Amino acid sequence: MFQKILIANRGEIALRIIRACKELGIKSVAVHSTVDANALHVKFADESVCIGPAASSKSYLHIPSIISAAEITGADAIHPGYGFLSENPALPEVCEACGITFIGPTPENIRLMGNKVRAISIMKGAGIPTIPGSDGQIESAEEAVIVADKIGYPIIMKAAEGGGGKGLRVVEKKEDVAKSFNLIKKEIEAAFGEANVYIEKFLINPKHIEFQILGDSSGQIIHLGERDCSIQRRHQKLLEEAPCAIISPKQREKMGKTAVKAAATVGYVSAGTIEFLMDSDGNYYFIEMNTRIQVEHPVTEMVTGVDLVKEQIRIAAGESLKLKQEDVKIFGHSIECRINAEDPDKFIPCPGKITALNFPGGPGIRVDTAIYTDYTVLPNYDSLICKLIVHGIDREDALAKMNRALEEFHVEGIKTTIPFHRKVLANKAFREGHFSTNFISEHFSK
Ligand code: MV4
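Small disclaimer: the values here were computed from a predicted structure and weren't measured.

**So, the nonpolar core**
Then step 1. Formed by 35 residues in total, the largest nonpolar core has its most connected members in Ile339, Phe430 and Phe439.
Then step 2. Listed by contribution, the elements that provide at least two residues to this core are β11 (236–242), β14 (333–340), β19 (384–392), α12 (395–408), α13 (418–426), α14 (428–431) and α15 (439–444).
Then step 3. Top element by residues in this core is α12. It accounts for five residues.
Then step 4. Excluding anything up to four places from it in sequence, Phe430 contacts Ile231, Leu239, Glu241, Arg395, Leu399, Val424, Leu425, Phe435 and Phe439.

So this is what it looks like as structure tokens:
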């Protein structure tokens, strides 16, 4: 096992990883930018190193500074968390060259799945269901029209690289295809440098269902059930739950087998996620794979009892999975609300000083956060300040707990999305489980 792990991240996920290290008896090293000197991950870790100025490109994204910090402190492994360098294959490559273990997938795993055109083509080849669409990337506006006509309207154009909702365009009719193709090309070239576009049939009101998987270096792969991440606004997830309210144990087993097969196709190692879109008839299609621990991983931990971060660490140390597929059981129901430092109506960031704070507590409540009273939420980084997670005996119990926990949660000095979550929880369609990825635009757009 490792002696010392460096955490190449900040905020709540850095704390989450430090906690796993403590429980495993491993020393931890925090890295931080100059403006993060007072951050909680710095106080929680055994050691800390300042790696650069506020701009992420010069600190949390700067590989040479992070490797130097690992070498100075004698860390034998690096955990990247989510975001930042977590899906950059250069970090595991440089780690390997420096004799440091990267806690995550192989650089090949990351590369293969990082390009969505390639990922879909690999999955199609393995017999995994994918959405009818272009065979690979589209080279010209003329080709886009031919493909769109063949699969039928509406269609969606997507960028092969990148993510976060950039480079997506729904096209309703033939007359708009060429223009949309040229526009999306320009848009994504500016955003990602690369400009590869592919086309899929546009599914109406799908659910975003993702399966958590774990793979070890001996080639064993298991799944830990699904998360329903359909509650999104502008491609930002706001609330996630496990299990999905409308998936039966039989359907879970079938989709889980598909997810394991998808991960096995690329020889996947570590924690990862297979994303599906599911239509109202229960048909599901692979759309992409995430090769990192995700923000919403706690809902899976709550319903399975598995510590996913500890599993990542054990897998990276070369241990084989002790958990077999038949040992994985789903208990009760879990919901996570992402609390952001944002205006709850306009969703624009509202950084600033937290002048008063009260966290909810009691049975079934988990608060993953790095904020504290008098902490100043910085404008330089993501506006996620807290993940409020509940676990109940069933969905109704979890909803009641979340409602109660949101009521107990007080933050003063900055605006947060707590009032928004209270409105979502009061919504009848949401409470009944009748929602798709269009839920927020249907119910909350003004
Ligand atoms: C889709 C889709 C419908 N059909 N793909 C992909 C990235 C994710 N953040 C949203 N994505 C979607 N992919 C097919 N084939 C619907 C979405 C989608 C969406 C698309 C355009 C505008 C808003 C959307 C909101 C949720 C989901």
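We are not done yet, so read on.
**Comments concerning empty space enclosed by the protein**
Then step 1. Using the criterion set out here, one finds three cavities of 30 Å³ or more in the structure.
Then step 2. Here the largest cavity defines a volume of roughly 40 Å³.
Then step 3. Every residue along the wall of the largest cavity is listed here: His79, Pro80, Gly81, Ser86, Phe102, Ile103, Gly104, Pro105, Thr291, Arg292, Ile293 and Gln312.
Then step 4. Counted by class, the lining of the largest cavity contains five nonpolar, six polar and one charged residues.
Then step 5. Formed jointly, the lining of the largest cavity draws a minimum of three residues from each of two domains, domain 1 (4–103) and domain 3 (207–444).

**Description of the site of the ligand**
Then step 1. In the vicinity of the ligand lie 13 residues, with Lys158, Glu200, Lys201, Leu203 and His235 positioned nearest.
Then step 2. Between the ligand and the protein, one listed contact pairs a nitrogen atom with a side-chain N or O atom of Lys158 at 3.0 Å.
Then step 3. Here Leu203 contributes a backbone N or O atom positioned 2.8 Å from a nitrogen atom of the ligand.
Then step 4. Alone, the ligand offers 530 Å² of accessible surface; in the complex the protein occludes 81% of this.
Then step 5. Secondary structure elements with two or more residues in the shell around the ligand: β6 (155–159), β7 (168–171) and β8 (197–201).
Then step 6. Residue assignment places the shell around the ligand across two domains, with domain 2 (132–201) and domain 3 (207–444) each supplying three or more.

**Some details on the sheet that holds strand β17 (residues 365–369)**
Then step 1. Strand order in the open sheet made by the eight strands is β13-β12-β9-β10-β11-β14-β19-β17, with antiparallel pairing throughout. On the outer flanks of this sheet lie β13 (284–290) and β17, each paired with one strand and no other. Taken over all neighbouring pairs, the strand axes of this sheet differ in orientation by 25° on average, direction set aside.
Then step 2. Strand direction decides the pairing type here: strand β10 (residues 221–233) and β11, joined by four bridges, are antiparallel.

**Some points on the packing of helix α7 (residues 141–151) against helix α8 (residues 177–192)**
Then step 1. Orientation of α7 relative to α8, taken along the N-to-C sense of each, is 125°, at an axis distance of 9 Å. Here α7 lies oblique to α8, going by the angle between them. For α7 against α8, the interelement crossing comes out right-handed. Seen from α7, the contacting residues are Ala141, Ala144, Val145 and Ala148; seen from α8, they are Val177, Ala178, Phe181 and Asn182.
Then step 2. Looking at the contact of α7 with α8 residue by residue, the classes come out as seven nonpolar, one polar and no charged.

**Focus: the domain arrangement of the protein**
One widely used convention gives an interface's size as the accessible area the parts lose upon coming together.
Then step 1. Its domain assignment divides the protein into domain 1 (4–103), domain 2 (132–201) and domain 3 (207–444).
Then step 2. Here domain 1 and domain 2 have C-alpha centroids that lie 37 Å from each other.

**As for the environment of Leu61**
Then step 1. For Leu61, the location among the structural elements is in the loop between β3 (47–52) and α3 (63–73).
Then step 2. Taking the C-alpha atoms as reference points, Leu61 and Phe84, separated by 23 residues in sequence, lie 5.8 Å from one another.
Then step 3. Beyond its immediate stretch of four places on either side in the chain, Leu61 contacts Ser56, Phe84 and Leu85.

Calculation criteria
Residues numbered from 1 in each chain as written. Predicted model: local features only at pLDDT ≥ 70, side-chain atom pairs only at ≥ 80, totals over all residues. Heavy atoms only, no water. Core = buried A, V, L, I, M, F, W, Y, C linked by side-chain atoms within 4.5 Å. Buried < 20%, exposed > 50% of the residue type's maximum accessible area, 1.4 Å probe, protein only. Helix = DSSP H or I, 4+ residues; strand = E, 2+ residues; numbered from the N terminus. Contact = heavy atoms within 4.5 Å. 1 Å grid on protein atoms, 1.4 Å probe; cavity = no way out; pocket = protein on both sides within 12 Å on 5 of 7 lines; lining within 4 Å. Points joined across faces, edges and corners; volume = space filled by probe spheres on them. Nonpolar A, V, L, I, M, F, W, Y, C, P; charged D, E, K, R; others polar. Domains from an automatic or database assignment. Near = heavy atom within 4 Å. Polar contact = N/O pair within 3.5 Å; in protein donor to acceptor, adjacent residues only side chain to side chain. Areas by Shrake-Rupley, 256 points an atom, 1.4 Å probe, with all protein chains shown as cover. Pairing = 2+ DSSP bridges. Axes fitted to C-alpha atoms, helices over the stretch in contact; angles between N-to-C directions. Parallel < 35°, antiparallel > 145°, perpendicular 65-115°, else oblique. Left-handed = near helix turned anticlockwise from the far one by under 90°.

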